[in-house]
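Results of the structural survey
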Amino acid sequence: MKDSLGRDWQCGTIQVDFNLPQRLGAEYVGKDNQKHIPVMLHRAAVGSIERFLGILIEEFMGDFPLWLAPVQARVLPISEKFVDYAKSVERELVNAGVRVEVDESNEKLGYKIRQCELQKIPYKIIVGEKEQAEGLIAVNKRKEGDKGQMTVAQFLEMTADDRKVVR
């Protein structure tokens, strides 16, 4: 595999192991009715998981597509008065299979938004008085900006294809 810097990495391997079957006491009876020690083959389609994940993180530079992002959205209440509404939005999204969390910190909204940007969270969902009163969410997509106000159902519909692992 080539990483984002153009370096080659060996990931997939097939190895022949003559030692482990003997240490395990593995044996079989051959056509000659004698016991034999087998040869073991180890296969790793993508190599060590650590190396594979390192290459994957480098390739995306930590800015994962929505389906791969550990946290797909963060709900940001504009003040502590709206934390309960933010949690209800979170429950709806979790029930739909979205990896989401609520930022319940006492920080200002600008700080919360900056933290989402630094952590490369794909969607910021902002809720305040107007959103709570109308049952809406204000959606902001990383690198694209404001997507406007919508219902949770509309958000789920808008992101459905991007949340799928296989298209």
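Residues numbered from 1 in each chain as written. Predicted model: local features only at pLDDT ≥ 70, side-chain atom pairs only at ≥ 80, totals over all residues. Heavy atoms only, no water.

**As for the pairing of strand β8 (residues 137–141)**
Pairing between strand β7 (residues 123–127) and β8: 4 bridges, direction antiparallel. Within the sheet, the bridge partner assigned to Y123 lies in β8 and is K141. Inspection of the sheet shows β8 paired to strand β9 (residues 145–150) by 5 bridges, in the antiparallel sense. For N140, the partnering residue across the bridge sits in β9 and is D146. (Pairing = 2+ DSSP bridges. Helix = DSSP H or I, 4+ residues; strand = E, 2+ residues; numbered from the N terminus.)

**A closer look at the side chain of D63**
Relative to the helices and strands, D63 is located in the loop between α2 (49–60) and β5 (73–77). Here K143 takes part through its side chain, which lies 2.7 Å from a polar atom of the side chain of D63. (Polar contact = N/O pair within 3.5 Å; in protein donor to acceptor, adjacent residues only side chain to side chain.)

**Observations regarding the pattern of salt bridges**
Where charged atoms from two side chains of opposite charge come close, those side chains can pair. For the coordinates displayed, the defined rule picks out 10 salt bridges. A salt bridge links R142 to D63; the nearest nitrogen and oxygen atoms lie 3.0 Å apart. Linking R142 in the loop between β8 and β9 with D63 in the loop between α2 and β5, this pair joins segments that are 79 residues apart in sequence. The partner of E101 in a salt bridge is R74, and the shortest N-O contact between them spans 2.4 Å. In this pair, E101 sits in strand β6 (residues 100–102) while R74 sits in strand β5, placing the two residues 27 residues apart along the sequence. (Salt bridge = Lys/Arg side-chain N within 4 Å of Asp/Glu carboxyl O.)

**Observations concerning the nonpolar core**
Core analysis: the largest hydrophobic core is formed by 19 residues, its most contacted members being V75, V89, L93, I125, V127, I137 and F155. Residue assignment for this core shows that the elements contributing at least two residues are β5, α3 (83–95), β6, β7, β8 and α6 (152–163). With 4 residues, α3 is the single largest residue contributor to this core. The contacts of F155, once residues within four sequence positions are left out, are L93, Y123, I125, I137, V139 and M150. Membership of the second largest hydrophobic core comes to 6 residues, among which are V71, C116, I121 and A138. (Core = buried A, V, L, I, M, F, W, Y, C linked by side-chain atoms within 4.5 Å. Buried < 20%, exposed > 50% of the residue type's maximum accessible area, 1.4 Å probe, protein only. Contact = heavy atoms within 4.5 Å.)

**With respect to unusual backbone geometry**
Note: most residues except glycine have negative phi, and most peptide bonds are trans. Even without a glycine there, the phi angle at K120 is positive, about 55°. Tracing the sequence through the fold places K120 in the loop between α4 (109–118) and β7. Unlike most non-glycine residues, K143 shows phi in positive territory, near 70°. Note on K143: relative accessible area 70%, which makes it exposed.

**Considerations on the sheet that holds β7**
Pairing in this open sheet of 5 strands is mixed, and the strands run β6-β5-β7-β8-β9 from one edge to the other. Because the sheet does not close on itself, it has two edges, and the strands there are β6 and β9. Ignoring strand direction, the axes of neighbouring strands in this sheet form an average angle of 25°. Where α3 meets the sheet, it contacts β5, β6, β7 and β8, and its direction lies at approximately 170° from that of β6. On top of the sheet, α4 reaches β5 and β7; it is set at about 170° to β5, its chief contact. (Axes fitted to C-alpha atoms, helices over the stretch in contact; angles between N-to-C directions.)

**Brief notes about a nonpolar patch on the surface**
There is a patch of nonpolar side chains on the surface, built from I14, V16, F18, V39 and L41 and spanning about 560 Å² of accessible area. Considering the arrangement of structural elements, one finds V16 in strand β1 (residues 13–17). (Patch = residues over 30% accessible without salt bridge, like charges linked within 9 Å, V, L, I, M, F, W, Y side chains within 5 Å. Areas by Shrake-Rupley, 256 points an atom, 1.4 Å probe, with all protein chains shown as cover.)

**What about the pairing of β7?**
For β7, the tally of buried residues reaches 5 of 5 residues, placing the bulk of the element in the interior. Here β7 shows no split at all, with Y123, I125 and V127 on one side and K124 and I126 on the other all buried. Sheet topology places β5 next to β7; 5 bridges connect them, and they run parallel. Paired with R74 across the bridge in β7 is K124.

Shape is all these values report; function is a separate question.
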